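Inside the fold
Chain by chain, the residues:
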Amino acid sequence: PPTAERVRERATDGPLRVLAVGTVVPRKGHRTLLDGLSGADAPWRLDVCGAEPDPDHAAALRARAADIGVRERVRFHGRVSDDALRERLRASHLFALPSTYEGYGIAYLEAMRAGLPVVASSAGGAREFVDGENGALVPPGDTTAVRAAVERFARDRDALATAGVAALDTARAHPTWAETGDRVRAFLRSL
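Next up on the list: the overall build of the protein. Across its full length, the protein holds eight helices and six strands. In terms of overall size, the protein behaves like a compact globule, its C-alpha atoms giving a radius of gyration of 16 Å where 191 residues would be expected to give roughly 16 Å. Over its C-alpha atoms, taken along the principal directions, the protein stretches across nearly 55 × 40 × 30 Å. The proportion of buried residues among the 191 residues of the protein is 48%. Across the protein, contacts joining residues at least 24 apart in sequence account for 69% of those joining residues at least 6 apart. As displayed, the protein offers around 9,400 Å² of accessible surface, 50% of which is attributable to carbon and sulfur atoms.

Here it is in structure tokens:
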């Protein structure tokens, strides 16, 4: 994980770099994200990383980006390696995935571990750890709320830095995959 100092330093660097990581399916809210970003009155870039099991849906998202005039600011990477994902996390400012529902949302915590504030849907597990200090919760499908959250962080880099440090603190309060595995093994051995 980066240091708080590195998170603060990164927050001032260039246009807002938004990252969305998740399987590219309708439930993940990529269209809501694109439409919200398209209305944002601030410079931004979006990287979308995730498997594309439905080629027609992925093609529709690319076409939508072109139709709303943001194609040059959006990159669809498809499924990426762990190393490439770590690099995207290091290079980004904000994680946004306004899914219609997430059971838990491990991708949000992984982004927070990289010091990224999160824009997530208020439907599902993310509401258990995303708050006004480490990110923003938006109603499912609400492009206006997505736009407002993105604009806030794009315009106020101090708020972005503060939320990034709060995201680090939130991630530290939750177990990693390795810690969770250790706990499960210890529980099973106790039986």
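Below, the discussion takes up the sheet that holds strand β2 (residues 44-49). If you trace the six strands from one edge of the open sheet to the other, you get β3-β2-β1-β4-β5-β6, paired in parallel fashion. Looking at which strands have only one partner, the edges of the open sheet turn out to be β3 (74-78) and β6 (135-138). On average, adjacent strands in this sheet sit at an angle of 20° to one another, irrespective of strand direction.

What describes two packed helices is the angle between their axes and the distance between those same axes. One way to put it is that helix α1 (residues 4-11) packs onto helix α7 (residues 157-172) with a least axis distance of 8 Å and a crossing angle of 150°. Judged by the angle between their axes, α1 and α7 are roughly antiparallel. When you trace α1 past α7, the crossing you get is right-handed. On α7, the residues touching Ala-4, Val-7, Arg-8 and Ala-11 of α1 are Arg-157, Leu-160, Ala-161, Gly-164, Val-165 and Leu-168. Across the contact of α1 with α7, the residue classes tally to seven nonpolar, one polar and two charged.

Within the secondary structure, Ser-121 sits in strand β5 (residues 118-121). By relative accessible area, which is 2% here, Ser-121 ends up buried. C-alpha of Ser-121 to C-alpha of Val-138: the two residues are 17 residues apart in sequence and 4.9 Å apart in space. Non-local contacts of Ser-121, meaning those with residues more than four positions away in its chain, are made with Leu-97, Pro-98, Ser-99, Thr-100, Tyr-108, Ala-126, Leu-137, Val-138 and Pro-140. Here Ser-99 takes part through its backbone oxygen, which lies 2.8 Å from a polar atom of the side chain of Ser-121. Only 3.0 Å separates the side chain of Ser-121 from the backbone nitrogen of Ala-123, close enough to count as a polar contact.

What counts and what doesn't
Residues numbered from 1 in each chain as written. Predicted model: local features only at pLDDT ≥ 70, side-chain atom pairs only at ≥ 80, totals over all residues. Heavy atoms only, no water. Helix = DSSP H or I, 4+ residues; strand = E, 2+ residues; numbered from the N terminus. Rg over C-alpha atoms; globule rule 2.2 N^0.38 Å. Buried < 20%, exposed > 50% of the residue type's maximum accessible area, 1.4 Å probe, protein only. Contact = heavy atoms within 4.5 Å. Areas by Shrake-Rupley, 256 points an atom, 1.4 Å probe, with all protein chains shown as cover. Pairing = 2+ DSSP bridges. Axes fitted to C-alpha atoms, helices over the stretch in contact; angles between N-to-C directions. Parallel < 35°, antiparallel > 145°, perpendicular 65-115°, else oblique. Left-handed = near helix turned anticlockwise from the far one by under 90°. Nonpolar A, V, L, I, M, F, W, Y, C, P; charged D, E, K, R; others polar. Polar contact = N/O pair within 3.5 Å; in protein donor to acceptor, adjacent residues only side chain to side chain.

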